[in-house]
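# Observations on the model geometry
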2 protein chains.
Amino acid sequence: MSLLVVGTMAFDAIETPFGKSDKIVGGAATYIAWAASNFVKNIQQIAVVGEDFPKSELDALAARGVQLEGVQIKEGEKSFFWSGKYHMDMNTRDTLDTQLNVLANFDPVIPESYQGVEFVMLGNLTPAIQMQVLDRLTVKPKFVVMDTMNFWMEIAMDDLKKVIGKVDLLTVNDSEARQLTNEYSLVKAAKKIMSEMGPKYLVIKKGEHGALLFHEDNVFFAPALPLEDVFDPTGAGDTFAGGFIGYLAATKDISFENMKRGIIYGSALASFCVEKFGAQRLREITHKELEERVKEFVDLVQFDIKLVN
Amino acid sequence: MSLLVVGTMAFDAIETPFGKSDKIVGGAATYIAWAASNFVKNIQQIAVVGEDFPKSELDALAARGVQLEGVQIKEGEKSFFWSGKYHMDMNTRDTLDTQLNVLANFDPVIPESYQGVEFVMLGNLTPAIQMQVLDRLTVKPKFVVMDTMNFWMEIAMDDLKKVIGKVDLLTVNDSEARQLTNEYSLVKAAKKIMSEMGPKYLVIKKGEHGALLFHEDNVFFAPALPLEDVFDPTGAGDTFAGGFIGYLAATKDISFENMKRGIIYGSALASFCVEKFGAQRLREITHKELEERVKEFVDLVQFDIKLVN
């Protein structure tokens, strides 16, 4: 049940119609690690931070069982910083500021103890760095999941397509699936990605409208939980991906049926993530709360129809 | 299993990014009757048409078992006409032309044979006319479903609220739920409608993103089927409502569990509706096709998680 995670560990400053955060800890790999650690101990983390990154945050992850040997701390440098402002629908946002800092020269080093890992989560990051991580693994992993975003489609499409060609499952949102394929229909976009681009599995995230899992002719849909308040959607997609791959890695089962369960656990974790700023809520979830949340998903979509044929 | 349907029977001219129709038969009550007649024979139809409305269309509905005694044919007058153009997302549209014609002075007459009806579907129509129909029923129906749209919120909110106060279940789309309540969160909007406005049940339609059914603290979500091509969304909401109430009326069961099944049948019928212009596809559906489509919904959302508690 070994899982390697690569991605940003960073600072965010977030504005929503309902509030504004200070500079808080974020980054794809932070959310992924918190989510996946509900299922997997000894996550093998790869990231780079500056000397400004709080030691207490690293200690909290270590206490959770996350291995940090692959997290480089750059003395005299600053961590990656992103600032954004969400629109009223909480599904769209404007980037206010991006400071690459340590990310500009990130050269990911895979500790020897990480080699032989079975599951790999390439969190949203420069495609060339995602590729370096894959290239530096001496044993081909059992299953690689990759997340990315529109930003890389605009500035590094060639690099991006190379990584996409190497992974088993790609996660993108609906507009990114359209941008990647020039197909408006998500079903057509999914077919194009799976038949022409490499991944045999695809997850299309639709934010408050749920997520679709595609594989060959199979489609599974999981709704997002209808919530009274969405406080901060930052990291919800990373949390979803972390929950998904964490569940797969823990169960060591990559059947379509088991992936459905992974999608539900990922969705349940994402529904917690949006309740507070940053990864705060993820740090507090109990096993009982998670099971209760999954039960809410069961109740939300379950129906019983007797079919004749 | 008696069902009364009121709404427009009309002409539409439709433009989508994929094609353009001539002036074709449409109207809420047309779609509702075609959908509901999969479950209920002897639907009691209330509408008004001009002398331009094709007799063949009325004959086709009659052959389907729809009672047309309550459909007034106005000699020398023209049927209601609507023309619209859909945007690329097929979820939003612009109205190009609306000609009320016979609808301007519609005075709905309930034939004596319709009295005592158990289920009523108030299709999208002038709220004052929806109210007249309810007022003219001599026996209180078992269950009344009402559909409406933003247009009436803008020009007849007071009338609209009076009707909403009289029905058991309201169907609106997501932006209409927000407009009606001034709440952005759909969960909050649903609570407000159910606690303050009258209906004990609410369906929020989200087009390609599915539909939510609310009652007290229960929520059920049904996705829309992910389709390769959506050809014409006109009437999909009416078809959904017709399938839903047709199923309820046929089973005479208004439990929440049975409403879930009604939502699934409504969604399945709506997924056929969008495959061709107008109500064409609805006229062709076989029982076997419908069952197969429902099976696709089961496969789309079904998952199996063993919960500890």
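Residues numbered from 1 in each chain as written. Chains lettered and ligands numbered in written order. Predicted model: local features only at pLDDT ≥ 70, side-chain atom pairs only at ≥ 80, totals over all residues. Heavy atoms only, no water.

### Examining the packing of aromatic side chains
Stated formally: The aromatic pairing rule takes the rings of Phe, Tyr and Trp, using the six-membered ring of Trp, and pairs them if the centres are within 6.5 Å, calling planes under 30 degrees apart stacked, those over 60 edge-to-face and the rest tilted. Under the DSSP-based scheme used, a helix requires at least four consecutive residues in state H or I and a strand at least two consecutive residues in state E, with every element numbered from the N terminus. Relative accessibility thresholds used throughout: buried, under 20% of the residue-type maximum; exposed, over 50%; partly exposed, between the two (1.4 Å probe, protein chains only). When the NZ atom of lysine or the CZ atom of arginine is within 6 Å of a ring's centre and also within 35 degrees of its normal, the charge is said to sit over that ring.
Enumeration over the complete set of coordinates arrives at 17 aromatic pairs over all chains. Relative to Tyr247(A), the ring of Phe39(A) lies with its centre 5.7 Å away and its plane at 90°, an arrangement referred to as edge-to-face. With Phe39(A) in the loop between helix H1 (28–36) and strand E4 (44–50) and Tyr247(A) in helix H8 (residues 236–251), the pair connects residues that are 208 residues apart, well separated along the chain. Here Phe39(A) matches Tyr247(A) in class, with each residue buried. Aromatic pair Phe143(A) and Tyr201(A): ring centres 5.6 Å apart, planes at 70°, arrangement edge-to-face. Of this pair, Phe143(A) sits in strand E9 (residues 143–147) while Tyr201(A) sits in strand E11 (residues 201–205), placing them 58 residues apart in sequence. Tyr201(A) shares its class with Phe143(A); the two are buried. Three or more aromatic residues joined by ring pairs form one cluster here, namely Phe39(A), Tyr247(A) and Tyr265(A). Sitting over the ring of Phe81(A), Lys23(A) keeps its end group 5.7 Å from the ring centre. Above the ring of Phe272(B), the side-chain terminus of Arg293(B) is found at 3.9 Å from the ring centroid.

### Concerning the layout of surface pockets
Heads up, the rule is: Cavities and pockets were defined on a 1 Å grid built from protein atoms only: a cavity is a group of points that admits a 1.4 Å probe but offers it no way out, a pocket is an open group of points flanked by protein on both sides within 12 Å along at least five of seven lines, and a lining residue is one with an atom within 4 Å of any such point. Grid points are joined across faces, edges and corners, and a volume is the space filled by probe spheres set on the points.
Considered as a void within the structure, the second largest pocket measures approximately 480 Å³ in volume. Taken together, 20 residues make up the lining of the second largest pocket; nearest its centre are Asp217(A), Asn218(A), Val219(A), Pro226(B) and Glu296(B). Mapped onto the lining of the second largest pocket, the elements with two or more residues apiece are helix H7 (186–197), strand E13 (218–222) and helix H9 (256–273) of chain A together with helix H11 (287–301) of chain B. Tallying contributions element by element places H11(B) first for the lining of the second largest pocket, with four residues.

### What about the sheet that holds strand E1 (residues 3–6) of chain A?
All names here are of chain A. Rules: For two strands to pair, DSSP has to find at least two bridges joining them. Fitting a line to C-alpha atoms yields each axis, with helices limited to the stretch in contact; the angle taken between N-to-C directions then spans 0 to 180 degrees.
With mixed pairing, the nine strands of this open sheet are ordered in space as E5-E4-E1-E8-E9-E10-E11-E12-E13. Looking at strand neighbours, the two that pair on one side only are strand E5 (67–74) and E13, the edges of this open sheet. The average angle at which neighbouring strand axes cross in this sheet is 15°, direction not considered. Alignment of E9 against strand E10 (residues 169–173), held across three bridges, turns out to be parallel. Of the residues in E10, the one forming a bridge with Met146 is Leu170.

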